[in-house]
Amino acid sequence: MTASRLAMAVGPRGRQRCSNHQTGGTEEGIDDFLASDLFLTYEVHFLCIWGNDCSLLAMVVGPTGMQLCSNHQTEGTEGGINDFLTSEQSKMGVEEQRFVLSLFTPTNGKQRQRKKGRSYLTDTLLQSIGALPKGAVFSVFKKHHNREAVEVYNFLINCDDAIFENATRELKEKLNEGLFMYAFSTALLHRKSAAVLPPSWQIAPRQFFSTSHIAASRRKASTPESDHEPDHDNEHDLFLTGTLRDPEFRLAWFREDVGLNDHHWSWHTVYPHKGVGTPPETKNRQGELFYYMHQQMLARYDAERLAVGLMRVLPLQEPDEPILEGYNPHLTDHYGVGQYSARPAGMVLASDFTNPDEPYTIREHKHYINRLEDAIKLGVFIGKDHFNPTVTIDNLGATVEASISSPNSELYGSVHNMGHDLISLITDPDGRYKQSPGPMEDTLTAVRDPVFFRHHKFVDNLFCQHKSRLPPYTKGDLEFANITVDGILVQTKDESEPNVLKTFMEERLVQVQDALFHDADETNPKELPHAKVEVIVNTASHREFEYKLTVTNNSSKEVVGVFRIFLAPRHDELGEPYEPEAQRRLFIEMDKFAETLPTGTPIEISRASTKSSVVRPRVRTHEDLTEQVKQGNHPPDQSTINFCRCGWPSNLLVPRGTAQGMTFDLFVIVTDWRADRVGNLGLGLGTSYCGSKSSQYPDRRSMGFPFDRRLPKKETDKSTKKIDQKIDPPPQKNDIQTLAEDYSNMQATSVKVVFEGKTEAHGYPEVLNY
């Protein structure tokens, strides 16, 4: 029988190596491929070929042509072949996961070290790494740090499977710890690896938990007599970064949330601003995602500020204005030696930033800002090579972040990145005191600092300047003909009062022994912990709930609608209701999903909060992954979960609200998914912030639609004339609910968010997992 189809050729850990175009789909083509140097170079682990009727598996071979399986293992069917491929890929995935865990697990030192002798790194790479010493704080915002990281992750992305593990171990020995963690994480994501990195709070706990927590937990675990139960006596010390004398301390629980900081770090590994590949490229709409992800962080933070009686975030408008907020992170470096610097309130950036590695002045920074603002006003960038592109939200995001997609980074600088760098070095700008930088230097720690949000409010205002120049959305942009949203409400699982969401604080456990004892020798009991090293954190959460929507399709044919759900505070700092134009920057995206709408009678749609397109899939902890490896189980969707980890932490999906109940506007708009959809891509967990693992963002609409632009004003009724011109007409109600009345495909309602306070841990708290 003539073989007509090559299913796939797969290398180590399930990476596809060739397809039909390399064989012509013929037996002769397959034979030529097997005999070629290309086959040996690809290091194929198995190859499956079947005939026209899928009745015959020709062969499954190893790198040297050795047969690995035959018909009796696949029953000569396509299903049997696919089952075989899945099982083999699962085995490879388990082995790769075992290797990744070994990088962050206490093991016998002799086993952990790579074999000495030959280097698995290229000469070019060896010459470009090692400048950043171990123990120093790594920052993607520093050009010379990032150059080294880019070289490393691009090498690992393109690294042959045969040497990947040895090359990785060699790099771990040579590189700065933070740089290795960032570069390896980025490479693992972009290699389409089947393995998952443990969460960052377990790999680098000293950048998440205070020195006192780490010291107490390690001391307790190192004592043989210690009890395995965590200590609840120090609950008042859960947040050690300040006191209530500092108003900003009221939101320490939010800024220091473990999942929030991991989200920010993960996003920057999924979307490195220097791109990936050779030549390096940024992803589809990466600049717009940079804008939108940070804008949504600001909207959520403003909602939390209003709930505790603080004003919304004020931008750090001028680089040389005093920074009124102080902050002490109480965090240390990888080895627990150097401490991130504290910033007293009222400090001012040095006028001449004289860091010898990257000299930079406030005057230069202002010039870059002015050029950006000029480009926004003119609507065009001065590009390179006489190409002057029109300003879009995507290339503006790329320019502000100074990604490789910036039209002209020499002219417009790196306003976002250098802002982080300037602030982080405010206490020792030229390094004369050898002081460590502040938390703004590191994507793992930056969100903890109140000034992070002030800096990003300034950056977001640049984007707003651009968006304000765009015309408001028209009726045609907003409407979806013949679709009527008849009602929307939210209902918690306990079936209590509708349109009331409930939040609370709860204790969770974080196990960090692997990171703290990663250099221990497992053959020496004195070096290993006698108990789990656990840190208790107090984190916000909410009762699970459902959206219940009633929708009618009045057209003559079935359609697919995409439901875009948002939430925003109803009242400002003075208790006055927002007008839509002022409120639109406060709208938080809660979910986005597609649903088929049959014609005829109204249909009811229930949507669980746990399926939100904003939140990320459940993060698998080190313990989860270890158990998974022990059981030989490797889910096929693992790599997608790894990619979508930059989604919002599920525990912070709902703003915390107030004990009395804080009023929010819940808004939904339905648009035509067949027009909005990109290709065959779908909407799943994390896609709002992470996009799709393919090359395209799944939604054609602008991110944040319809609140990313000015809203159209509600049409006034001109049919009635005033009888007495001296009598003023009654004031017209102007809020988001009356705006929604103009469009049948929109609906808005009021919901209350009630903060229930602290939920005490009963017995053993649940292990932290977002």
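These numbers come from a predicted model, not from an experiment.

Thresholds, definitions, all that
- Residues numbered from 1 in each chain as written.
- Predicted model: local features only at pLDDT ≥ 70, side-chain atom pairs only at ≥ 80, totals over all residues.
- Heavy atoms only, no water.
- Core = buried A, V, L, I, M, F, W, Y, C linked by side-chain atoms within 4.5 Å.
- Buried < 20%, exposed > 50% of the residue type's maximum accessible area, 1.4 Å probe, protein only.
- Helix = DSSP H or I, 4+ residues; strand = E, 2+ residues; numbered from the N terminus.
- Contact = heavy atoms within 4.5 Å.
- Pairing = 2+ DSSP bridges.
- Axes fitted to C-alpha atoms, helices over the stretch in contact; angles between N-to-C directions.
- Phe/Tyr/Trp six-rings, centres within 6.5 Å; stacked < 30°, edge-to-face > 60°.
- Salt bridge = Lys/Arg side-chain N within 4 Å of Asp/Glu carboxyl O.
- Disulfide = S-S within 2.5 Å.
- 1 Å grid on protein atoms, 1.4 Å probe; cavity = no way out; pocket = protein on both sides within 12 Å on 5 of 7 lines; lining within 4 Å.
- Points joined across faces, edges and corners; volume = space filled by probe spheres on them.
- Nonpolar A, V, L, I, M, F, W, Y, C, P; charged D, E, K, R; others polar.

1. Brief notes about the nonpolar core
Link 1 in the chain: With 112 residues, the main nonpolar core has L549, F563, M590 and F667 as its most contacted residues.
Link 2 in the chain: Counting residues per element, this core draws most heavily on helix α14 (residues 286-307), which supplies 12 residues.
Link 3 in the chain: Setting aside its immediate chain neighbours within four residues, M590 contacts R300, F545, Y547, I565, F566, L567, S612, V614, L653 and V654.
Link 4 in the chain: Within the second largest apolar cluster, 50 residues are counted, among which are L132, F164, F209 and V619.

2. Quick notes on the sheet that holds strand β14 (residues 603-608)
Link 1 in the chain: If you trace the 3 strands from one edge of the open sheet to the other, you get β8-β11-β14, paired in antiparallel fashion. Each having just a single partner strand, β8 (483-492) and β14 make up the two edges of the open sheet. Across this sheet, the average inter-strand angle for adjacent strands is 20°, counted without regard to direction.
Link 2 in the chain: Relative to strand β11 (residues 545-553), β8 is paired through 9 bridges, and the arrangement is antiparallel. By the bridge assignment for β11, G487 is matched with T550.

3. Structural notes on the packing of aromatic side chains
Given two aromatic rings, their pairing is described by the distance between the two centres and the angle made by the two planes.
Link 1 in the chain: Tallying each qualifying case throughout the model produces 26 aromatic pairs.
Link 2 in the chain: For the pair F290 and F463, a centre-to-centre distance of 6.4 Å together with 70° between the ring planes defines the contact as edge-to-face. Taken together, the positions of F290 in helix α14 and F463 in helix α19 (residues 450-468) put the pair 173 residues apart, joining distant regions of the chain. Taken individually, F290 and F463 each receive the classification buried, so the pair is uniform in this respect.

4. Some thoughts on helix α16 (residues 393-401)
Link 1 in the chain: Within α16, 8 of the 9 residues are buried, which leaves it mostly tucked inside the rest of the structure.
Link 2 in the chain: Among the residues making up α16, those that are buried are I393, N395, L396, G397, A398, T399, V400 and E401.
Link 3 in the chain: If you follow the buried residues of α16, they end up packed against α13 (258-270), α14, α15 (362-378), α17 (409-412), α18 (415-424) and α19.

5. Examining the pattern of salt bridges
A side chain of one charge can pair with a side chain of the opposite charge when the charged atoms of the two come close.
Link 1 in the chain: Tallying each qualifying case throughout the model produces 29 salt bridges.
Link 2 in the chain: D161 is the partner of R191 in a salt bridge, and the nearest nitrogen-oxygen pair spans 2.7 Å. Here D161 lies in helix α8 (residues 161-174) and R191 lies in the loop between α9 (177-190) and α10 (200-203), a separation of 30 residues in the sequence. Taken individually, R191 and D161 each receive the classification buried, so the pair is uniform in this respect.

6. Description of the state of the cysteines
Link 1 in the chain: What the rule picks out here adds up to 1 disulfide.
Link 2 in the chain: One disulfide in the model links C646 with C690; its S-S distance is 2.1 Å. You can see C646 sitting in the loop between α24 (638-643) and β15 (662-672) and its partner C690 sitting in helix α26 (residues 687-690), a full 44 residues away along the chain.
Link 3 in the chain: Residue class for C690 comes out buried when judged on its relative accessible area of 0%.

7. Regarding empty space enclosed by the protein
Link 1 in the chain: Considering all chains together, one arrives at 11 cavities of 30 Å³ or more under this definition.
Link 2 in the chain: Counted as a void, the second largest cavity has a volume near 130 Å³.
Link 3 in the chain: In terms of residue count, α14 provides more of the lining of the second largest cavity than any other element does, 4 residues in total.
Link 4 in the chain: Tallied by class, the residues present in the lining of the second largest cavity amount to 7 nonpolar, 3 polar and 5 charged.

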